[in-house]
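These are the residues of each chain, in order.
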2 protein chains.
Amino acid sequence: MKLLSIITLAAATLASATPIELKYGNESINRPLIHMTPSYGWMNDPNGLWYDAKEKLWHYYFQYNPNDSVWGLPLYWGHATSKNLTTWDQQDAAIAPLKNDSGAYSGSIVVDVNNTSGFFDNATDPRQRAVAIWTYNTPDSETQYISYSTDGGYTFINYDGNPALSNNSTQFRDPKVIWHEESQKWIMTVAKSQEFKIAIYSSPNLKNWTHESDFTKEGLLGFQYECPGLSKFSAPQSDNATYPTNSTDSTKWALFISINPGSPQGGSSTEYFIGDFNGTHFVPDFPYTSILDLGRDFYALQNFYNSPDGEVYGIGWASNWMYSNYVPTDPWRSSTSLVRKFSLEEFQANPESKLLNIKSTPVIDYDTLNFGETFSYENETFDTNNSLSYDLSKNFDGLIEFNLTYTVNGSAFGKSDFADLSLYLIGDSNSDEYLRLGFEGNAAAFFIDRGNTDVEFVKENPFFTTRMSVNNQPSRYIDSEISQYKVYGIADRNILELYFNDGSQVSTNTYFFTGGNFITEVDLEVGVDGVYQIEEFKVRQMTLKL
Amino acid sequence: MKLLSIITLAAATLASATPIELKYGNESINRPLIHMTPSYGWMNDPNGLWYDAKEKLWHYYFQYNPNDSVWGLPLYWGHATSKNLTTWDQQDAAIAPLKNDSGAYSGSIVVDVNNTSGFFDNATDPRQRAVAIWTYNTPDSETQYISYSTDGGYTFINYDGNPALSNNSTQFRDPKVIWHEESQKWIMTVAKSQEFKIAIYSSPNLKNWTHESDFTKEGLLGFQYECPGLSKFSAPQSDNATYPTNSTDSTKWALFISINPGSPQGGSSTEYFIGDFNGTHFVPDFPYTSILDLGRDFYALQNFYNSPDGEVYGIGWASNWMYSNYVPTDPWRSSTSLVRKFSLEEFQANPESKLLNIKSTPVIDYDTLNFGETFSYENETFDTNNSLSYDLSKNFDGLIEFNLTYTVNGSAFGKSDFADLSLYLIGDSNSDEYLRLGFEGNAAAFFIDRGNTDVEFVKENPFFTTRMSVNNQPSRYIDSEISQYKVYGIADRNILELYFNDGSQVSTNTYFFTGGNFITEVDLEVGVDGVYQIEEFKVRQMTLKL
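Owing to the predicted nature of the structure, the values given are computational and were not obtained by experimental measurement.

Colleague: Tell me what's going on with the overall build of chain A, and back it up with residues and numbers.
Modeller: Tallying secondary structure elements over chain A gives 1 helix and 35 strands in all. For 546 residues, the compact-globule estimate of 2.2 N^0.38 gives 24 Å, and the C-alpha radius of gyration of chain A, at 23 Å, lies within 12% of that figure. Taken over the C-alpha atoms alone, chain A extends approximately 70 × 55 × 40 Å along its principal axes. Of the contacts formed within chain A by residues at least 6 apart in sequence, a portion of 64% connects residues at least 24 apart. Split by element, the accessible area of chain A, about 18000 Å² in all, is 43% carbon and sulfur. Charge separation in chain A, taken as the distance between the mean sites of 36 positive and 67 negative side-chain charges, equals 4 Å.

Colleague: Any details on the environment of E440(A)? Residues and values, ideally.
Modeller: Topologically, E440(A) is positioned in strand β27 (residues 434-440). In this structure the C-alpha to C-alpha distance between E440(A) and F418(A), which are 22 residues apart in sequence, comes to 6.7 Å. Every residue in contact with E440(A), bar those within four places of it in the chain, is listed here: D417(A), F418(A), A419(A), D420(A), A445(A), F447(A), Y532(A), Y326(B) and F463(B). Here the side chain of E440(A) touches N442(A) through a polar contact of 3.1 Å, landing on its backbone nitrogen.

Colleague: Please set out the interface of chain A and chain B residue by residue, giving values where relevant.
Modeller: Taken together, the contacts link 60 residues of chain A with 61 residues of chain B. Between chain A and chain B, a total of about 5100 Å² is buried, with carbon and sulfur atoms accounting for 60% of that surface. Of all residues in chain A, K217(A), P462(A) and R467(A) give up the largest surface area on contact with chain B, accounting jointly for 15% of the area buried on that side. Our count for the contact surface shared by chain A and chain B stands at 0 salt bridges. Run the count over chain A and chain B and you get 28 residue pairs in polar contact (both at pLDDT 80 or more). The set of elements that each furnish at least two residues to the side of chain A that touches chain B consists of β21 (340-350), β22 (353-362), β27, β28 (445-452), α1 (456-460) and β29 (467-471) of chain A. Along the lines of polarity and charge, the residues of the side of chain A that touches chain B split into 27 nonpolar, 21 polar and 12 charged.

Colleague: A description of the domain arrangement of chain A should follow, citing residues and the corresponding values.
Modeller: Residues and elements named next belong to chain A. Structurally, chain A comprises domain 1 (41-334) and domain 2 (366-544). Between the C-alpha centres of domain 1 and domain 2 there is a distance of 33 Å. Facing the 18 residues of domain 1 at the interface are 20 residues of domain 2. Between domain 1 and domain 2 we count 1 salt bridge in total. We note a salt bridge from R450 to D297, for which the minimum N-O separation is 2.9 Å.

Colleague: Give me the lowdown on the pattern of salt bridges, citing residues and values where you can.
Modeller: With the rule as written, the count across this model stands at 38 salt bridges over all chains. A salt bridge links D449(A) to R467(A); the nearest nitrogen and oxygen atoms lie 3.6 Å apart. Residue D449(A) is found in strand β28, and its partner R467(A) is found in strand β29; the two are separated by 18 residues along the sequence. For the residue pair D449(A) and R467(A), the accessibility class agrees, reading buried in each case. D428(B) is the salt-bridge partner of K394(B), the closest N and O atoms lying 2.9 Å from each other.

Colleague: How would you sum up the packing of aromatic side chains? Please name residues and give values.
Modeller: Per the counting criterion, the structure on display carries 97 aromatic pairs over all chains. Between the aromatic rings of Y406(A) and Y532(A), the centroid separation amounts to 6.1 Å while the plane-to-plane angle is 55°, which identifies the pairing as tilted. On the criterion of sequence distance, the pair formed by Y406(A) in strand β25 (residues 399-409) and Y532(A) in strand β35 (residues 532-544) is long-range, its members being 126 residues apart. On the accessibility criterion, Y406(A) (1% relative accessible area) is buried. Taking the relative accessible area as the measure of exposure, Y532(A) reaches 1% and is therefore buried. With a centroid separation of 4.9 Å and an interplanar angle of 70°, the aromatic rings of Y323(B) and F464(B) are classed as edge-to-face. Residue Y323(B) is found in the loop between β19 (312-317) and β20 (332-333), and its partner F464(B) is found in the loop between α1 (456-460) and β29 (467-471); the two are separated by 141 residues along the sequence. Looking at F464(B), the relative accessible area reads 0%, which means it is buried. Pairwise contacts between aromatic rings join Y51(A), W58(A), F304(A) and Y313(A) into one cluster.

Colleague: Outline the sheet that holds strand β26 (residues 420-427) of chain B, supporting the account with residue identities and numerical values.
Modeller: All names here are of chain B. Across the sheet, 6 strands lie side by side as β24-β34-β26-β27-β28-β29; this open sheet has antiparallel pairing. For this open sheet the edge positions go to β24 (388-391) and β29, each flanked by a neighbour on one side alone. Across the sheet, the mean angle from the axis of one strand to that of its neighbour is 15°, orientation sign disregarded. By the bridge criterion, 5 bridges tie strand β28 (residues 445-452) to β29 in an arrangement that is antiparallel. Looking at the pairing, F446 lines up with V470 of β29.

Colleague: So what's going on with the relation of the copies chain A and chain B? Residues and values would help.
Modeller: Note on the identical chains: chain A maps onto chain B by a rotation of 180° and an axial translation of 0.0 Å, with an RMSD of 0.0 Å. Taken together, these values place the two copies in the relation of a two-fold axis. When each C-alpha of chain A is compared by its distance to the rotation axis, Q265(A) comes out closest, at 2.3 Å.

Colleague: Could you give an account of the sheet that holds strand β18 (residues 299-303) of chain A, naming the residues involved and the relevant values?
Modeller: Residues and elements named next belong to chain A. Across the sheet, 4 strands lie side by side as β18-β19-β21-β22; this open sheet has antiparallel pairing. The open sheet has two edge strands with one neighbour each: β18 and β22. Along the sheet, successive strands turn relative to each other by an average axial angle of 45°, direction set aside. With 3 bridges connecting them, strand β19 (residues 312-317) and β21 associate as antiparallel partners. Each bridged residue has a counterpart across the sheet, and for V312 the counterpart in β21 is F342.

Colleague: Describe the pairing of strand β11 (residues 197-203) of chain A, naming the residues involved and giving the relevant values.
Modeller: All names here are of chain A. Across the 7 residues that make up β11, a large majority, 6, are buried. The sheet contact formed by strand β10 (residues 185-192) and β11 spans 7 bridges and is antiparallel. From the neighbouring strand, V190 faces β11, where its bridge partner is A199. Count of turn residues in the β10/β11 antiparallel hairpin: 4 residues, of which F196 carries a positive phi of about 55°. Inspection of the sheet shows β11 paired to strand β12 (residues 210-216) by 6 bridges, in the antiparallel sense. Within β12, the residue paired with I198 across the bridge is F215.

Reading the values: rules and limits
- Residues numbered from 1 in each chain as written.
- Chains lettered and ligands numbered in written order.
- Predicted model: local features only at pLDDT ≥ 70, side-chain atom pairs only at ≥ 80, totals over all residues.
- Heavy atoms only, no water.
- Helix = DSSP H or I, 4+ residues; strand = E, 2+ residues; numbered from the N terminus.
- Rg over C-alpha atoms; globule rule 2.2 N^0.38 Å.
- Contact = heavy atoms within 4.5 Å.
- Areas by Shrake-Rupley, 256 points an atom, 1.4 Å probe, with all protein chains shown as cover.
- Lys, Arg positive; Asp, Glu negative; His and termini not counted.
- Charge placed at Lys NZ, Arg CZ, Asp CG, Glu CD.
- Polar contact = N/O pair within 3.5 Å; in protein donor to acceptor, adjacent residues only side chain to side chain.
- Buried area = accessible area lost by both parts, 1.4 Å probe.
- Salt bridge = Lys/Arg side-chain N within 4 Å of Asp/Glu carboxyl O.
- Nonpolar A, V, L, I, M, F, W, Y, C, P; charged D, E, K, R; others polar.
- Domains from an automatic or database assignment.
- Buried < 20%, exposed > 50% of the residue type's maximum accessible area, 1.4 Å probe, protein only.
- Phe/Tyr/Trp six-rings, centres within 6.5 Å; stacked < 30°, edge-to-face > 60°.
- Pairing = 2+ DSSP bridges.
- Axes fitted to C-alpha atoms, helices over the stretch in contact; angles between N-to-C directions.
- Least-squares fit on C-alpha atoms with pLDDT ≥ 70 in both.

Below you can see the structure in the form of structure tokens.
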């Protein structure tokens, strides 16, 4: 890679990041700053996400093996809290399995404000009446347990009537419960995983559950269904909606299902369907499926219960079962995605069709961060003679974000031209380690290459796909030849999240550089002339406030 | 890669392969032997597949740019014929566009035995009354043209009433026509690509078409739908069918749709739905989608009209639009898949569920081939002390097949073990170029790594995914811990086809080694002890008979 540096700015020197207390093993480094990781041990699915309106505190639980940095039993609910959805304080594990050969598997938390369960008395503020509904996995069965907390979600007491729901099955898990206002009932979605069914149950009290319907064999099946969830959205305002509208209100529902293994990208992913839910049945508007995050590292999405503004916020597990137990981090494994706000939009899927789509917006509280200088660039056209190279401050520590808006002249390249705009995010201490991202005109797609590193895991693990892509639609058609594209990216030491066209599409992928080799150089170049115009290119380094 | 050779057999020396007449450019080499390629120029979708029962001859047409080895207008129907479905004789282009800025785009051929079209007289044998239905693409529109042949499919005469079907659209293409015996009508499936619709039309005479229904917004949408096709199958015998059965007969129908770009694997793939077709509407049994070939290089499947045994045979284009114009072959680009026979089976998708699935069987006429010695191996267990290495004959030229059947002891490895069985297919003149294939116990998946090569295209093109995988179910559960897996593979100079469990799943991927570096070494090794038993491992080199 030969880059002509025409702009080289020194970033303002700020204090270095908050020290990270972890053991550094061989290649076991580069713990993200604003993506939640456990201090020690193994993490997988997000669980029990809820908002405590009394304390104004967000709670996040997770599948947790505190004894090892690989998955294993006994499995607990780990716990972390946040005031800002950007930085997390790890708490003691909140729910333990009853036996060591067993697991407190995935589930959810609701706030039983009206004490429908009878678990609470006036000593517990109604806003803190947290009830967890989770799967108790033993060698013989998976059943749904409920537990309640009288201390604001730090410790839980098991209901003495557990299991609250059983089905004589070893493959019955991941209950996600919501309050359905219209029917004044609790609604549970739960996976009968290997039957490819999302069962819907209702309950007046969280203890007694009535089977209402099954959503079955729809979309992508993979090996099995996991981690379902129903969320209610405001439908976008549209004079000419491309989807069935509801005569009584302007809401739409989405059903999320995670599939693993056997997602077409390889391993694990989360799909969704948009439609209507009437209190007993979810009916999608159309029988097509959409993948929520097109990268390799986003699974088991769960949305928060009781967000203060009524909007939908969620978190995915930022790994993939195909290689999660081998990634070179130590003594911890796995991080979450950023918290994302989800909303509905009409997405221009191609020039002729709009589709109702879930738009993802990363939630970052910038008040928690310090910033370096923002580098920015605009010009008329960007060609092979004017590559950009930014050298960033060495005193920052591996958290950067960028905004890139560009136009592509579709008439200015031939079928055999590799008409790329490539963005290189390059390591400081070892420039052989870099991410290459970019757009290419003939594929009309955005590519992500995480294969350029000296880390053995990346070089050797054949499931760690190094090249991913996103079929990238324009954010705007300027004229018949010229289209505009936008991408926002955030790289946090070993995880890269890309949001295309303000979040119409997302791709989340982990990456691994050798220890302490943080991105401090950002290069931009094109392979052809006359094709690309950079409307905006901004890069800034960030770090945690002390 | 350190391999302990414990078995090294010399293959029988046979004559070298049929000379291949092509120009060898820089890295532009390794033309497959039994995968159809054009002698010169560019090829994409299979078109007009039919069987001439008089001549006992299979006809294959294809999207063809004879003027360049990249896609471009004018685009023709290239043509090839085969007596054996294994070797092909390229013929002159069969259908030309009317103008140079236009294309004879994809379509199909039927045999109008009863002269419903009125195009034929007694001079044309009823078995050779070929009528092509294809898309005429101009800068302004896509319409459906028909053309007929009175010379057995070598030249075509355009119908003077063309277009036979138009829709005031630039995105209306890829008609596939079949004869529907029950309704005594011709049935066309054709893509209204960017509306995500497969339109179904009927006709008594191939000239006048009536719109019957649309199959819309189902499964994976990608950017658009292309290349639809309906095929009729015998349903498997089942006492306890997991799918709706038809009271009047034991048939099932499949609807195939290709999507590009925007397949989750990246770029191009073919999905299918199984259900019933009543002459006007196709209704899938379930609204889930399946991907026919899980690799990166299988698109635009089309099935033959009028196969002599009534079974379903088809061909895919063995490339991917994300990189097809850049692959290092010259002066030709792209090959087909092997011809595959498709049938329905009940597939054990996980321990609890069977799904009706399309099984793929490669069609190879071994009478067209000469063979080297067959190397085979069986043993009790296969561990880290007894890797296998076979040195194959240097006088063969890059066509090998293998059968590998193995059992996996699921209790014999831990969560952090990379419990692989790896098969290396290694180049002769440069052993740094090899394919690594294999199974890994924790992922329970089969991996394919085509990234180990000195070819610049592979090293540089970020859309050429080097690592693919297949969620691999056992072919048989031997006991609670031990499962059996089977894979058949065929590598033909630059294309690898893998068939799992007798074709329940398939993955087709091109690969590129430097010129003349053919696979002549096959190594097998494991990363853990006590896990793998090799029930069968057979490898044989093959070449074309002179």
